[in-house]
Amino acid sequence: MATLMENEVFKAFATYAAIVTLKMMLMGPVTAYFRITRGSFSNEEDVARKTDEEKKKLLRAHPDVERAQRCHHNDLENIVPFFFIGLLYALSGPNLTTALIHFRVFTASRIFHSFAYILAFPQPSRGLSYGVGMLTTFSMAYNLLSTVFVL
Amino acid sequence: MATLMENEVFKAFATYAAIVTLKMMLMGPVTAYFRITRGSFSNEEDVARKTDEEKKKLLRAHPDVERAQRCHHNDLENIVPFFFIGLLYALSGPNLTTALIHFRVFTASRIFHSFAYILAFPQPSRGLSYGVGMLTTFSMAYNLLSTVFVL
Amino acid sequence: MATLMENEVFKAFATYAAIVTLKMMLMGPVTAYFRITRGSFSNEEDVARKTDEEKKKLLRAHPDVERAQRCHHNDLENIVPFFFIGLLYALSGPNLTTALIHFRVFTASRIFHSFAYILAFPQPSRGLSYGVGMLTTFSMAYNLLSTVFVL
C-alpha cells in the first residue's frame, strides 16, 4: 500500500485524477444554479410550495439547464474512461515524464472543454478539446496494452 | 497485492464501494419494472409483438420511468466520483476511524437519496442527502490532496 | 506497484477492462457519425455556418442519434459497475481460471449488446446480453464480499 503512494507516477495520477473528478462534480452545482436562476425543474416535489400556475411554468425544460446537463454528461463519458485507463496505465510502470504529459494534456483539455461548452464558444473549439482528451486516453490505452496483455 | 487486501482501510473501502455500486446497479431493474408495469418503452424492437395501435401507446414516455432514470443518473454523477476519490483516498493511508466515517456517511446518504427520489419525499430531504454525499466526497478529496500532491 | 502488474489476474483484468472501456469510448464517434449523416445536432454553435432555415432542421432530434446515445448510456450504467467491482475482485485474490471466465463473459456480452442495440436485433437478444453482463458483475461482487467484508 505504502508502495503505491511512494511512486511518483501514481502520486501524479492521484493528483490529476482528483482535479478532473472535482471539475466533473462541479457540474452538479452549475446545473442547480441554472435550474434556480432560469426556473426550470424536473420534479413536482421541487416546486411543492408554488401555486399551480407557477408550477406549470417551473416544470419546463430550459436550454441553459440542458446545456449544463450535456456538458456534465460529456464529462462522464470522457473522464470515466480517463480514470479507468489512466489508473491501469499508471500501474503499468510508465516513464514519469511521458505520464505527466498525458495527465496534464487531458486535464487541460477537459477544463477548456467545460468553458467551451457552457459559454458556447464558436466551433471547432469544443470539438477539438473533446478530440484531444479522447486521443490522450487512447494513447494511454495503447501504452498499457503494449505492456500488459493477457487475453 | 496481498498487502492491499490485508489493509483494514482498503477492505472497508472495498466493502462500502461494492454496496453502493450494487445499489446503483439495482436502478436498472427498478427502471425495467416501471417500464413494464407502466407500459413505457424506448425501442421499436421491445414492442415488436404488439399491434400498431398498442405500439404507439407503449413507445411513450412515462413520468415514473423518467423519475427512475433521473435517480439512476444522479447515482452515476455521485457514486462515480465517490469511487474515484475514495479509492485514491483509501490508498493515501488515512486513519481507519476517519475513513469509516466517510464511507458510512456516504453510503447512508445515497441509500436514503434513492428512497427520497423514487418515493418523491417532500424536499429538502432529497436535496440534503445529495449535499451530504457530495460534501463527504469533497472531504476525502481534501484529505487526499493534502497528503499527495504532484502537479 | 511492480507486484500488481506481475499478478496474472490483475494483468487479465487490466486487459479486459481496457478493451471494454475502449468499446464504450467508441460510442462517442458512433453518435457523432449519426449526428452528421442524419443531420441532428444539439447545440446552436454546431450549426453556426448554416442559414436560419437549415439550422431549424439540423437542431431536431433523430431516432438513430437517440438510439446510439441510449446504447452509450447503457454502457456507462453497466461497464462502470464492472470496473468498480472487477478491480476490487481482482485484488481479492481470486482463482485465475474463475476470474478469466468472468472477464471474458462480461466483455463478450457487452460487445454483443452494442451490436444488438445499434442494429436493433429482435428481442430478447439485447435483453439477454444485458442480463448476462449484469449477472457476471453480481457474481464477482458476491465473490468479493465473501472474501472481504469490513462494515
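Refer to the structure above for everything that follows.
Residues numbered from 1 in each chain as written. Chains lettered and ligands numbered in written order. Predicted model: local features only at pLDDT ≥ 70, side-chain atom pairs only at ≥ 80, totals over all residues. Heavy atoms only, no water.

> Can you tell me about the relation of the copies chain B and chain A, naming the residues and giving the values?
By a simple turn and slide, chain B fits onto chain A: the slide is 0.0 Å along the axis, the RMSD is 0.0 Å, and the turn is 120°. Both copies of the chain, as the preceding transformation shows, are related through a three-fold rotation axis. (Least-squares fit on C-alpha atoms with pLDDT ≥ 70 in both.)

> Would you mind going over the relation of the copies chain C and chain A in detail, with residue names and values included?
With an RMSD of 0.0 Å, chain C superimposes on chain A once it is rotated by 120° and translated 0.0 Å along the axis. A low fraction, 17%, of the interface residues of chain C reappear at the interface in chain A, so the copies pair through non-equivalent surfaces. (Contact = heavy atoms within 4.5 Å.)

> So what about the pattern of salt bridges? Which residues, and what values?
One pass over the full model with this rule turns up 21 salt bridges over all chains. Here A:Asp64 ties to A:Arg38 by a salt bridge, and the two come within 2.7 Å at their closest N and O atoms. In this pair, A:Asp64 sits in helix α3 (residues 63-91) while A:Arg38 sits in helix α1 (residues 8-38), placing the two residues 26 residues apart along the sequence. Taking the shortest distance from any N to any O, the salt bridge between C:Asp46 and A:Arg126 comes out at 3.0 Å. Of this pair, C:Asp46 sits in the loop between α1 (8-38) and α2 (52-58) while A:Arg126 sits in helix α5 (residues 125-147), each in a different chain. Residue C:Asp46 is classed as partly exposed on the basis of its relative accessible area, which comes to 22%. The class of A:Arg126 is buried, set by a relative accessible area of 11%. It is possible to trace a salt-bridge network through shared partners that takes in A:Glu45, A:Asp46, B:Arg67 and B:Arg126. (Salt bridge = Lys/Arg side-chain N within 4 Å of Asp/Glu carboxyl O. Helix = DSSP H or I, 4+ residues; strand = E, 2+ residues; numbered from the N terminus. Buried < 20%, exposed > 50% of the residue type's maximum accessible area, 1.4 Å probe, protein only.)

> I'd love a proper account of the interface of chain B and chain A, names of residues and values included.
The partner chain A presents 35 residues to the 33 residues of chain B that form the contact. Counting the surface lost from both chain B and chain A, the interface buries some 2900 Å², and carbon and sulfur atoms represent 75% of this. Counting across the chain B and chain A interface gives three salt bridges. Across the salt bridge formed by A:Glu45 and B:Arg126, the nearest N and O atoms sit 3.4 Å from each other. Across the contact surface, chain B and chain A share nine residue pairs in polar contact (both at pLDDT 80 or more). Among the residues making up the side of chain B that touches chain A, the classes are represented as 23 nonpolar, six polar and four charged. (Buried area = accessible area lost by both parts, 1.4 Å probe. Polar contact = N/O pair within 3.5 Å; in protein donor to acceptor, adjacent residues only side chain to side chain. Nonpolar A, V, L, I, M, F, W, Y, C, P; charged D, E, K, R; others polar.)

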